[in-house]
Amino acid sequence: MDFDDFIDNVYALLTFLWGEDWGVFTIMKPTTSNGRDIPMPQIVYSLKQAEPGLVGKNVREISPRHRESFIELSPLTGEEVFVEIKGRVMDCMVEFTIYAENNFEASRLTKSFRQVMEKYKGVLMGRGLQNMWFQKEYERNDRENSEEKVSSRGVLYLVKLEELFRMEQLEMQQVTINLDVAKNLLELEGKLPSQQADEPIVIVVP
C-alpha cells in the first residue's frame, strides 16, 4: 500500500461508516476568504514528509530492494518477459485537517476520526498498510486565513507504507536505446542543460 492507496482506503472506510453525505474529503485546502462559503465539514489530507522507512533498529531502506520476480506474457508482444518487483518501505508524516462550523463540531469530528483510524487500523493493515502511529492532535484556528473565523483541528500520524516498482527487462532495454537517441538529438540541437550553461552571460550597462 502506497500513499495514494492509503488515502483511497481511508476515504472508502469513512464513506462506508459515515455515509456518502457526511462531508468532504480532499487534498485541496479551502482558500475562500469567506468562511460561510466553505462546505462543512471537511477533512483535508496532506503528505507532510516522506523518507526511506526503518526496516531495522537503525537501518533505513534507502534503495528499493528485490521483492519478487517472475516470467509472464507481454500484452504488447505476446512473448515471455522477465519481470522484477522492487519495493521500498516509506515512513510518512500524514496530516489530516478537520474543518467544521464551530470548535465543538471540529472537536467532535476529530475525535470520531481518530477513533475510526484506531479501531480499523487492523483492517487497513490487512489491505497492505505496514503500520500507523498516532502522533498528536492540535488546534490550528490561528493558521487559517479566512476573513471569518474557521474552526479547524489537525491530526498527525506516522504511517509506514511501501512503494513497489515494476521493472521489465524488455522495457529497460527499450528505454536505454531511446535514451541514447533522445540525448543525441538534444545535443545536436544544443538543448542540453550543460550546453546552455556554456552560453555567455551578457550584461547590459545603461
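Just above, that's the structure.
Counting restarts for each chain: residues are numbered from 1 in the order of the written sequence. Confidence filtering applies because this is a predicted model: local features only for residues at pLDDT of at least 70, side-chain atom pairs given and counted only at 80 or more, and all residues used for totals across whole chains, interfaces and linings. Only hydrogens and water are set aside when side-chain values are computed; all heavy atoms of the structure are taken into account.

Participant: I'd like to hear about the overall build of the protein, residue by residue, with values.
Facilitator: Summing up its helical and strand segments, the protein has five helices and six strands in all. With 206 residues in all, the protein has 34% of them scored as buried. Nonlocal contacts in the protein, meaning residues at least 24 apart in sequence, comprise 64% of its contacts between residues at least 6 apart. Surface accessibility follows the Shrake-Rupley procedure with a 1.4 Å probe radius. Residue values consider only the protein chains on display as shielding. Accessible surface, the protein: about 13,600 Å² in total, of which carbon and sulfur atoms supply 52%. By definition, any uninterrupted DSSP run of H or I lasting at least four residues is a helix, any uninterrupted run of E lasting at least two residues is a strand, and each is numbered from the N terminus. Each residue is assigned to one of three classes by its accessible area relative to the maximum for its type, calculated with a 1.4 Å probe on protein chains only: buried under 20%, partly exposed between the two thresholds, exposed over 50%. Only heavy atoms enter the contact rule, under which two residues are in contact if any of them lie within 4.5 Å.

Participant: I'd love a proper account of helix H4 (residues 169–188), names of residues and values included.
Facilitator: To estimate the expected span of a helix, count its residues, drop one, and scale the result by 1.5 Å. Over its 20 residues, H4 extends 29 Å from the first C-alpha to the last, a length consistent with the 28 Å expected when each residue adds 1.5 Å. A positive backbone phi angle near 70 degrees is found at glycine 190, which sits one or two residues after H4.

Participant: Please set out the packing of helix H1 (residues 3–18) against helix H2 (residues 103–119) residue by residue, giving values where relevant.
Facilitator: Convention adopted: a line fitted to C-alpha atoms gives each axis, helices being fitted over their contacting stretch, and angles between N-to-C directions are expressed from 0 to 180 degrees. Their axes nearest at 11 Å, the elements H1 and H2 cross at an angle of 115 degrees. Comparing their axes, H2 and H1 come out roughly perpendicular. Like other packed secondary-structure pairs, H1 and H2 cross with a definite hand, here right-handed. Along the contact surface, H1 presents Phe6, Val10, Leu13, Leu14, Leu17 and Trp18, while H2 presents Leu109, Ser112, Phe113, Val116 and Met117. Only Asp, Glu, Lys and Arg are considered charged in this grouping, and only Ala, Val, Leu, Ile, Met, Phe, Trp, Tyr, Cys and Pro are considered nonpolar; every other residue, Gly among them, is considered polar. Looking at the contact of H1 with H2 residue by residue, the classes come out as 10 nonpolar, one polar and no charged. Should an angle fall under 35 degrees it is called roughly parallel, over 145 degrees roughly antiparallel, and 65 to 115 degrees roughly perpendicular, with every other angle called oblique. Left-handed describes a crossing whose near helix is turned anticlockwise from the far helix by less than a right angle; the clockwise case is right-handed.

Everything listed is a geometric property; what it means functionally is a separate question.
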